[in-house]
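The primary structure of each chain is shown beneath.
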Amino acid sequence: MNTQRLCPVYRKWLQLNPTDAREHRFSMQLESQQAHQQGKPNSALAKGYQAFETARIVLTALQPVSYEKNPTVEQDILAFGTMGMYLYALLNKVHKKREAHDILQECQQQLIAIWPLHATNPSVCRLISAVQYTLEQANITPRQRSTHNRIHNQHHALSTTAH
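Draft legend 1. Region of interest: the overall build of the chain. Scanning the chain for helices and strands turns up 7 helices and 0 strands. Beginning at the N terminus, the succession of helices and strands in the chain can be written as α-α-α-α-α-α-α. Residues classed as buried in the chain amount to 40% of the 163 residues present. Considering only contacts within the chain whose residues lie at least 6 apart along the sequence, 70% involve residues at least 24 apart.

Draft legend 2. Here's a closer look at the pattern of salt bridges. Summed over the entire model, instances satisfying the criterion amount to 6 salt bridges. Arginine 25 serves as the salt-bridge partner of aspartate 76, at 3.5 Å between the closest nitrogen and oxygen. With aspartate 76 in helix H4 (residues 71–93) and arginine 25 in helix H2 (residues 18–37), this residue pair connects regions lying 51 residues apart in the sequence. The class of arginine 25 is buried, set by a relative accessible area of 9%.

Draft legend 3. Spatial organisation of H2. Taking 1.5 Å per residue as the helical rise, H2 with its 20 residues ought to reach 28 Å, and the 28 Å between its terminal C-alpha atoms agrees with that figure. Buried residues along H2 sit against helix H1 (8–16), helix H3 (41–60) and H4. In the segment just after H2, glycine 39 is the residue with positive phi, at about 75°.

Draft legend 4. Spotlight on the nonpolar core. With 30 residues, the main nonpolar core has Phe52, Ile77, Phe80, Leu87, Leu91 and Leu111 as its most contacted residues. At the level of secondary structure, the elements contributing two or more residues to this core comprise H2, H3, H4, helix H5 (97–114) and helix H6 (122–138). Here leucine 87 is in contact with Leu45, Gly48, Tyr49, Phe52 and Ile103, once residues within four sequence places are set aside. Residues Leu6, Leu14, Ile57 and Val58 belong to the second largest nonpolar core, which totals 5 residues.

Draft legend 5. Summary view of the confidence of the model for the chain. On average, residues of the chain score 84 in pLDDT, and 78% of them are at 70 or above. Of all helices and strands in the chain, the one with the weakest mean pLDDT is helix H7 (residues 142–162) (53), whereas H2 scores best (95).

Draft legend 6. Up close: the packing of aromatic side chains. For the coordinates displayed, the defined rule picks out 2 aromatic pairs. With 5.9 Å between their ring centres and 10° between their planes, tyrosine 10 and tryptophan 13 make a pair best called stacked. With tyrosine 10 and tryptophan 13 both in helix H1 and 3 residues apart, the pair spans about one turn of that helix. On the basis of an interplanar angle of 20° and a centroid distance of 5.2 Å, the ring pair of phenylalanine 52 and phenylalanine 80 is categorised as stacked.

Parameters and conventions
- Starting afresh in each chain, residues are numbered from 1 along the sequence in its written order.
- Reporting of local features is limited, given that this is a predicted model, to residues whose pLDDT is at least 70; pairs of side-chain atoms are given and counted only at 80 or more, and all residues count toward the totals for whole chains, interfaces and linings.
- Heavy atoms throughout the structure, all of them, feed into the side-chain values; hydrogens and water do not.
- Helix and strand definitions here come from DSSP, where helices need a minimum of 4 consecutive H or I residues and strands a minimum of 2 consecutive E residues; each element is numbered from the N-terminal end.
- Three labels apply to residues, based on accessible area from a 1.4 Å probe with only protein chains included: buried if under 20% of the type maximum, exposed if over 50%, partly exposed otherwise in between.
- Here, residues are in contact when the closest pair of their heavy atoms is within 4.5 Å.
- Salt bridges are defined by distance alone: a side-chain nitrogen of Lys or Arg within 4 Å of a carboxyl oxygen of Asp or Glu.
- Expected helix span is taken as 1.5 Å per residue step, with the number of steps being one fewer than the number of residues.
- Nonpolar core, defined: a set of buried Ala, Val, Leu, Ile, Met, Phe, Trp, Tyr and Cys residues in which side-chain atoms within 4.5 Å join the residues together.
- Scored from 0 to 100, pLDDT reflects the predictor's confidence in each residue.
- Aromatic rings from Phe, Tyr and Trp, taking only the six-membered ring of Trp, are treated as a pair when their centres fall within 6.5 Å; an angle between ring planes under 30 degrees marks them as stacked, one over 60 as edge-to-face, and anything in between as tilted.

This is how it looks when you write it as structure tokens:
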């Protein structure tokens, strides 16, 4: 699912200006939340999609890779995951379950794609892993979650008895 809600020229400008893109993302997040609170689901979705797309643009914009802790990169990853989860919730609320599922899939794929860029930064890799895990948990049904937890607990019990 490739959602393109932004003009291609504006998308390019956002890629070249990540600081401005972060401001746009934040603005769209606020507008989406306000529309949601006012009971305007279509407007909330439109702004949510724009914020999500902008978060993806910031995440994939060419930026210097650092070997040290970089709070901006971590904030970008969190914003992307958060917007994906928020959009997922909005879509589920209006009964667009397939589209909601596609958003979570897209988030996971994008995070997998950027992982190698941050391979030398363990804190960023841990954050990507945590966001991935959260997206996975949101994407499974309660029945699947129960089975997953049971298997995880059995695996944990086996690994602790082996040591």
